[in-house]
Amino acid sequence: DVVYLGGQVGPQAKAAGVIEAYKPKRWADIPASLKDAEGSWFTIHSGTLGFFVNTQALRGKPVPRSWADLLKPEYKGLVGYLNPGSAAVGQVGVISANLALGGSYENLDPGIKFFKQLQANSPIVPTQTAYARVLSGEIPILIDYDFNAYRGQYGDQAPTVFVIPQEGTQQLPYVMGLVKNGPNPEQGKKLLDFVLSDEGQSHWANAYLRPVFSAAMSADVKKRFLPDTEYQRAQAIDVQKLSVASKAIGERYQKEVG
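Residues numbered from 1 in each chain as written. Predicted model: local features only at pLDDT ≥ 70, side-chain atom pairs only at ≥ 80, totals over all residues. Heavy atoms only, no water.

Here we take up helix H10 (residues 239–257). The sharpest bend along H10 comes to roughly 40 degrees, located at alanine 245. Residues Val239, Leu242, Ser243, Ala245, Ser246, Ile249, Gly250, Tyr253 and Val257 constitute the buried set of H10. Lining the buried residues of H10 we find helix H1 (9–16), strand S4 (79–81), helix H2 (88–100), helix H3 (109–118) and strand S7 (169–179). Between a side-chain oxygen at the N-terminus of H10 and the backbone nitrogen of glutamine 240 the separation is 3.1 Å; the capping residue is aspartate 238. (Bend = angle between axes of the 7 residues up to and from the residue. Helix = DSSP H or I, 4+ residues; strand = E, 2+ residues; numbered from the N terminus. Buried < 20%, exposed > 50% of the residue type's maximum accessible area, 1.4 Å probe, protein only. Contact = heavy atoms within 4.5 Å. Polar contact = N/O pair within 3.5 Å; in protein donor to acceptor, adjacent residues only side chain to side chain.)

Next comes the structure, spelled out in structure tokens:
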């Protein structure tokens, strides 16, 4: 009845004709850049790309603070990221590094160059899901989202921290929409209304996902996130441009890096 997608897939789902327009309650309150103008999809929360670090697994090495740090020889064999050829978070990692290092959605050269340089440090590159491997210490530094790091730190009581790189990074909106010709459209609409309500938004915040309406974050939950001054280095991804660039990211990574 409803669909829940990484932001860059929203425009693709609309183009494929598998979702239909529905503007839920509070739709007008969502910033224009975080929703489809016709109501086909809209943001419910976001994840910020950075470094999910198991500090214990670093064995005394300093926590990396920048994209440039990951290229240092002292982190050889300690850095991981999901394969951009098969995982959406891998593509977000490439575009985040690319934009932070002077590239654009059309010019991917800085990001591809960074990952080619990172190859010299023998990175660990899973195809999907590496959360447990960070907690076990197998991957001490993973290029991943903030919500996984906070989940590890506060949910699983692991020695993990989240780092927003000094050069900057990107926030990926997660979106929802109404499935075209779904079996229960009226129930689907009620669910979409709910996820934007104060109660629905608080559920995302309690799972360490930054809700689209930040007022839904309680003071206790907000304390578990890095300060807003750190998040100022994170910009919202242009999901329309990333949707177009994602194919080239995967292809160039496979050809030039992988």
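We now examine helix H6 (residues 185–195). Looking only at H6, the buried set comprises Gly188, Leu192, Asp193 and Val195. Down the axis of H6, the smallest arc covering the buried residues is 165 degrees, so these residues share one side. Exposed side chains of H6 directed beyond 90 degrees from the buried face belong to Glu186 and Lys190. Contacts from the buried residues of H6 go to strand S1 (2–6), strand S3 (42–54), S7 and helix H7 (198–206). (Arc of directions from axis to C-beta.)

Attention now goes to the packing of H2 against H10. Contact geometry for H2 and H10: axes closest at 10 Å, N-to-C directions at 100 degrees. Judged on the interaxial angle alone, H10 and H2 are roughly perpendicular. Contact residues: Gln91, Val92, Val94 and Ile95 in H2; Leu242, Ser246 and Ile249 in H10. (Axes fitted to C-alpha atoms, helices over the stretch in contact; angles between N-to-C directions. Parallel < 35°, antiparallel > 145°, perpendicular 65-115°, else oblique.)

With respect to the secondary-structure elements, lysine 180 resides in the loop between S7 and H6. For the pair lysine 180 and glycine 17, spaced 163 residues apart in sequence, the C-alpha separation works out to 7.5 Å. Residue contacts for lysine 180: discarding those within four places in its chain leaves Gly17, Val18, Ile19 and Glu20.

As enumerated under the stated definition, the model contains 16 aromatic pairs in all. Ring geometry for phenylalanine 114 against phenylalanine 115: centres 5.3 Å apart, planes inclined by 85 degrees, an arrangement best described as edge-to-face. Like phenylalanine 115, phenylalanine 114 is buried. Ring geometry for tyrosine 145 versus phenylalanine 147: centroids 5.2 Å apart, planes at 20 degrees, classification stacked. For the pair formed by tyrosine 145 and phenylalanine 147, the shared burial category is buried. (Phe/Tyr/Trp six-rings, centres within 6.5 Å; stacked < 30°, edge-to-face > 60°.)

Residues Phe42, Leu70, Phe115 and Ile141 are the most contacted members of the largest nonpolar core, which totals 75 residues. If we ignore the near neighbours within four places in the chain, the residues touching isoleucine 141 are Phe51, Phe52, Val53, Leu58, Pro64, Leu70, Tyr75, Leu78, Val79 and Gly80. (Core = buried A, V, L, I, M, F, W, Y, C linked by side-chain atoms within 4.5 Å.)

Counting buried positions along S7 yields ten of eleven residues, so the element is predominantly enclosed. Alignment of S1 against S7, held across five bridges, turns out to be antiparallel. Its bridge partner lying in S7, valine 3 is registered against glycine 177. Pairing analysis gives two bridges linking strand S2 (residues 19–20) to S7, with the strands arranged antiparallel. Counterpart to isoleucine 19 in the pairing with S7 is valine 179. The pairing of S3 with S7 spans six bridges and is classified as antiparallel. When the bridges of S7 are listed, threonine 48 appears paired with glutamine 171. Looking at chain direction, S7 and strand S9 (residues 234–236) are connected through three bridges and run parallel. Residue pairing in the sheet places threonine 169 in a bridge with alanine 234 of S9. (Pairing = 2+ DSSP bridges.)

In this section: the pattern of salt bridges. Opposite charge on two side chains permits them to pair, given that their charged atoms come into close proximity. For the structure shown, the criterion picks out eleven salt bridges. Between lysine 72 and aspartate 69 there is a salt bridge; the shortest N-O distance is 3.0 Å. Owing to a relative accessible area of 37%, lysine 72 belongs among the partly exposed residues under this scheme. A network of salt bridges, in which partner residues are shared, links Lys14, Asp36 and Glu38. (Salt bridge = Lys/Arg side-chain N within 4 Å of Asp/Glu carboxyl O.)

Backbone geometry at arginine 26 places phi at a positive 75 degrees, although glycine is not the residue there. Mapped onto the elements of the fold, arginine 26 is located in the loop between S2 and S3. The backbone of arginine 59 shows a phi angle near 50 degrees, a positive value even though the residue is not glycine. Its location among the elements puts arginine 59 in the loop between S3 and S4.

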